[in-house]
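# Summary of structural features
Each chain, letter by letter, is given below.
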Amino acid sequence: MCSTHGERLARLTKAIDDLASEGLSGLPPEAWAERVAGIWSLVEGLDPEIARRRTRYSTPES
């Protein structure tokens, strides 16, 4: 079952609103990264071109 564009946008909006209302203070870095990654996953679901372009970027190795 596929969700509509509107439903996906509503999930993204809710995820951003939830994170904004809860804040990041007190969250361990792993939880913060997981929340942000989840939001990016929702963004990529709305715009596959973003997902395609993101693969061209990488993080510098430490």
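In this report, we go over the structure that sits alongside the text. Remember, it's a predicted structure, so these values are computed and weren't measured experimentally.

This next bit is on the overall build of the chain. On a plain count of helices and strands, the chain comes out with three helices and zero strands. Of the regular secondary structure in the chain, the N- to C-terminal order runs α-α-α. Counting over 62 residues, the chain shows a buried share of 10%. For the chain, the exposed surface amounts to about 5,100 Å²; the carbon and sulfur share of it is 60%.

In this section: the packing of helix α1 (residues 5-22) against helix α2 (residues 29-46). Following both chains from N to C, one finds α1 and α2 inclined at 160°, their axes separated by 9 Å at the closest point. In terms of orientation, α1 lies roughly antiparallel with respect to α2. For the pair α1 and α2, the sense of crossing is left-handed. Across the interface between the two elements, H5, R8, L9, R11, L12, A15, I16, D18, L19 and E22 from α1 touch R35, I39, L42, V43, G45 and L46 from α2. Grouping the amino acids of the contact of α1 with α2 by side-chain chemistry returns nine nonpolar, two polar and five charged.

Rules and cut-offs
Residues numbered from 1 in each chain as written. Predicted model: local features only at pLDDT ≥ 70, side-chain atom pairs only at ≥ 80, totals over all residues. Heavy atoms only, no water. Helix = DSSP H or I, 4+ residues; strand = E, 2+ residues; numbered from the N terminus. Buried < 20%, exposed > 50% of the residue type's maximum accessible area, 1.4 Å probe, protein only. Areas by Shrake-Rupley, 256 points an atom, 1.4 Å probe, with all protein chains shown as cover. Axes fitted to C-alpha atoms, helices over the stretch in contact; angles between N-to-C directions. Parallel < 35°, antiparallel > 145°, perpendicular 65-115°, else oblique. Left-handed = near helix turned anticlockwise from the far one by under 90°. Contact = heavy atoms within 4.5 Å. Nonpolar A, V, L, I, M, F, W, Y, C, P; charged D, E, K, R; others polar.

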